Amino acid sequence: MNTKNIYKTILLNLTMGLFLLGCNKDFLDRNDLNGLAEGSFFKTESDANQALNAVYGVLQENTFALYAPLLGSATDEIVRGPGSQGFSDLSDGTEAPGNSDTAIQRRWNHCYEGVFRANYFIENVQNVEMDEVLKNKMVAEARFLRGFFHANLVPYFGDVPLLLNTVSIDEAVNMVRTPKADVMASAISDIQFGIDNLPTTVSENGRLTKGAAAGFLARVLLNEKNYDATINVTSDIINGLYGSYSLFPNFSTLLYEENEGNSEILFDIHFSNVEPSVGESINWQSVTQSSAQGSATFKELVDAFESTNGLTIDDPNNTLFDSTNEYANRDPRLWASIQYPGAIYGIKDNDGNFIYNRGVWPEWLTGDSNDFPWSNPYHMKKYLNPLTDPPRQDGLTLPDGTNFVVVRYADVLLMFAEAKIESGSIDQSVLDAINTVRARAYGTIKEDTANYPEITTMDQSELRVVLRRERRVELAFEGLRWLDLVRWGTLKEAKAAVGKGWQANIWPIPESEIERAKGLTQNAPWN
């Protein structure tokens, strides 16, 4: 297929509604729009709803949910087997622009699919006769999502085409890269429009709120190292300006399907527990348990979890750590996040007592933790519910309706603390934010200092170390480690520590895109 035919197909699908689908639990009902002609679509409020649902539907693509924990393979979190959507290349530092059907290509495709759908909605909804208040809310949803998709391109590709309207075939073929500062400025404007115009609460699960937009804006601002703005946004969230958020009391179960929509969740992507072929479910087992393309956790991440006295396991003053019983007396988040040899696969209550015990995690194989997943004894547990996700190594998976959490309140507290630390404005609020997160890990509150290892230092360098380790263990496998390491300038060092290669703090532009749009240029070192 030649260049124009490729873009003609894309644009035709977008304008005719062939890509329009709805995929969420309560309001994104699937609709077959293939028979709708361009002239007959987008006339009613129902049409507008279907088109907006299609923008939401892009969130369910693997890039934004299932692939999020797999991004850890580009860092020091996990190792991924060969042939696994290019994640093994990202892990080894051998990613290349010519590799097709990889996480790199899919991120580009999925983000621009979302941008195209959002632009199509924003342009056409203005012609629909409907309640203006509702229309403005829907535009706010679409604009936030357009900003979300643009903001999910820049950290990985740098300068990218900024698209604020639907494009013609000729315009698509002649696209050029927009300076990343301009793309991010536009994305922030779209996200801020969402904050200003979205409701605080919604009656339909899955719809965006002010809190969702504010939480994601804080992440964008922090990654831009705009610390003052990050402090302002996170402070507003903490002070309840965008709704009431608090930590869920049980770290180990906060991501379970039955706890969806809890007080900690600002922004999540919704899935349904249906047959995988329908496209509404998510299969966490396929990325968490050992198989030919499965994932395993680096021992270095296991070792990052402190002992219960608050000391690291390599601290010479740590008399609590016993190398012959290395998983005893460790931060409870280790057990909740990672399956290690001898660990009980079960569910604990808020006090750390087992309320369901499925037995010891099977030790199918053992081996070097830097080897392929099937010879590694450490695996992601965070997204698995022992009641519904039995251990398996056969590559077969069960449909899972668990939502993927994009932003949660613990992250907000840690973003606030990091921005305060890096800006040099350290005060008691920094310790309160960090200790609130640490205390919850032990099933208590920050004031109960006898039952968790409290942080008391006000030294900037010491707090920086504490904060970065806290993010590593609290947010493990949530798709944030790569962004963190790039922001801190330590990606190359972190990968070297686990014996993995590095080329750059950015990804190559997919070669297929450069072939289609001759105005696009390649990132170094691939140019």
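This structure is a prediction, so every number in the text was calculated from the model and none was measured.

**Q** Mind laying out the environment of Arg-330, listing which residues take part and the relevant values?
**A** Mapped onto the secondary structure, Arg-330 falls in the loop between α13 (299-304) and α14 (332-337). Along the backbone, Arg-330 and Gly-310 are 20 residues apart, and their C-alpha atoms lie at a distance of 8.9 Å. Not counting chain neighbours up to four residues away, the residues in contact with Arg-330 comprise Val-302, Asp-303, Phe-305, Glu-306, Ser-307, Thr-308, Ile-313 and Phe-321. Within the local environment of Arg-330, its side chain forms a polar contact with the backbone oxygen of Phe-305, the two atoms lying 2.9 Å apart.

**Q** Please provide a residue-by-residue account of the side chain of Glu-418, values included.
**A** Here Glu-418 shows up in helix α15 (residues 409-423). A polar side-chain atom of Glu-418 sits 2.9 Å from a polar atom in the side chain of Arg-487.

**Q** Account for the packing of helix α10 (residues 210-223) against α15, naming residues and giving values.
**A** Between α10 and α15, the shortest axis-to-axis distance is 10 Å and the interhelical angle comes to 30°. Crossing geometry of α10 relative to α15 is assigned as left-handed. Facing Gly-215, Ala-218, Arg-219 and Leu-222 of α10, the residues of α15 in contact are Asp-411, Met-415, Glu-418 and Ala-419. Partitioning the contact of α10 with α15 into residue classes produces 4 nonpolar, 1 polar and 3 charged.

**Q** Describe the packing of aromatic side chains, with residues and values.
**A** Inspection of the entire model under this criterion finds 22 aromatic pairs. Seen in terms of ring centroids, Phe-144 and Phe-267 are 5.7 Å apart; in terms of plane orientation they differ by 75°. Their pairing is edge-to-face. Of this pair, Phe-144 sits in helix α6 (residues 132-151) while Phe-267 sits in strand β2 (residues 265-269); the two residues are 123 residues apart in sequence, bridging distant segments of the chain. Residue classification places Phe-144 among the buried residues on the basis of a relative accessible area of 0%. Phe-267 gets classed as buried once you look at its relative accessible area, which sits at 3%.

**Q** I'd like a rundown of α10, residues and numbers included.
**A** An α-helical segment advances 3.6 residues per turn. Residues three or four places apart therefore align on the same side. The terminal C-alpha atoms of α10 lie 20 Å apart, and with 14 residues this matches the ideal 20 Å at 1.5 Å per residue to within 8%. Of all 14 residues making up α10, 13 are buried, and the element is well covered by its neighbours. With its phi angle positive at about 60°, Lys-225 sits one or two positions after the end of α10.

**Q** I'd love a proper account of the confidence of the model for the protein, names of residues and values included.
**A** In this model, the protein carries a mean pLDDT of 86, and residues with pLDDT of at least 70 account for 82%. Here residues 275-279 is modelled with pLDDT under 50, and outside its nearest four sequence neighbours on either side it reaches 6 contacts, counting other chains as well. This stretch, residues 364-373, has a pLDDT under 50; its non-local contacts, to residues over four places away or in other chains, come to 36 contacts.

**Q** Tell me about unusual backbone geometry, and name the residues and values.
**A** Cis geometry is adopted by the peptide bond preceding Pro-525, which originates at Ala-524 and carries an omega value of 10°. Looking at where Pro-525 falls in the secondary structure, it is placed in the segment after α20 (511-516). Positioned with a positive phi, Asn-329 is a non-glycine residue whose angle comes to about 55°. You can see Asn-329 is positioned in the loop between α13 and α14. Positive phi is not limited to glycine here, since Phe-477 has a value of about 70°. As for its placement among the helices and strands, Phe-477 is situated in the loop between α17 (460-474) and α18 (481-488). Residue classification places Phe-477 among the buried residues on the basis of a relative accessible area of 0%.

**Q** Describe in detail the pattern of salt bridges, supporting the description with residues and values.
**A** Any two side chains of opposite charge can pair if their charged atoms end up close together. For the coordinates displayed, the defined rule picks out 34 salt bridges. As a salt-bridge pair, Arg-219 and Asp-411 come within 2.8 Å of each other at their nearest N and O atoms. Remark: Asp-411 occurs in helix α15 and Arg-219 occurs in helix α10; sequence separation between them is 192 residues. A residue is classified by how much of its surface remains accessible, and Asp-411, at 1% relative accessible area, is buried. Shared partners join several salt bridges into a network, and the residues in it are Glu-264, Glu-306, Asp-331, Arg-333, Lys-382, Arg-408, Arg-438, Arg-440, Arg-469, Glu-470, Glu-474 and Glu-478.

**Q** Which residues make up the nonpolar core, and what values go with them?
**A** Nonpolar side chains in soluble globular proteins generally cluster together in the buried interior. Ranked by internal contacts, the top residues of the largest apolar core, which has 135 residues, are Phe-121 and Phe-149. In terms of residue count, helix α5 (residues 103-125) provides more of this core than any other element does, 12 residues in total. Setting aside residues no more than four positions away along its own chain, Phe-121 makes contact with Phe-42, Ala-48, Ala-51, Leu-52, Val-55, Met-138, Val-139 and Ala-142.

**Q** Quick rundown of the packing of α6 against helix α9 (residues 180-197)? Include the residues and the values.
**A** Taken N-terminus to C-terminus, the directions of α6 and α9 make an angle of 150°; their axes are 8 Å apart at the nearest point. In terms of their interaxial angle, α6 and α9 are classed as roughly antiparallel. Note that α6 runs across α9; the crossing there is left-handed. Residues Asn-136, Lys-137, Val-139, Ala-140, Arg-143, Phe-144, Arg-146, Gly-147, Phe-148, His-150 and Ala-151 of α6 form the contact with α9, whose participating residues are Val-183, Met-184, Ala-187, Ser-189, Asp-190, Ile-191, Phe-193, Gly-194 and Asn-197.

**Q** Can you tell me about the environment of Asp-389, naming the residues and giving the values?
**A** Within the secondary structure, Asp-389 is located in the loop between β7 (379-380) and β8 (404-408). C-alpha separation for the pair Asp-389 and Asp-400, spaced 11 residues apart in sequence, amounts to 8.7 Å.

Parameters at a glance
Residues numbered from 1 in each chain as written. Predicted model: local features only at pLDDT ≥ 70, side-chain atom pairs only at ≥ 80, totals over all residues. Heavy atoms only, no water. Helix = DSSP H or I, 4+ residues; strand = E, 2+ residues; numbered from the N terminus. Contact = heavy atoms within 4.5 Å. Polar contact = N/O pair within 3.5 Å; in protein donor to acceptor, adjacent residues only side chain to side chain. Axes fitted to C-alpha atoms, helices over the stretch in contact; angles between N-to-C directions. Left-handed = near helix turned anticlockwise from the far one by under 90°. Nonpolar A, V, L, I, M, F, W, Y, C, P; charged D, E, K, R; others polar. Phe/Tyr/Trp six-rings, centres within 6.5 Å; stacked < 30°, edge-to-face > 60°. Buried < 20%, exposed > 50% of the residue type's maximum accessible area, 1.4 Å probe, protein only. Expected span 1.5 Å × (residues − 1). pLDDT = per-residue confidence, 0-100. Salt bridge = Lys/Arg side-chain N within 4 Å of Asp/Glu carboxyl O. Core = buried A, V, L, I, M, F, W, Y, C linked by side-chain atoms within 4.5 Å. Parallel < 35°, antiparallel > 145°, perpendicular 65-115°, else oblique.

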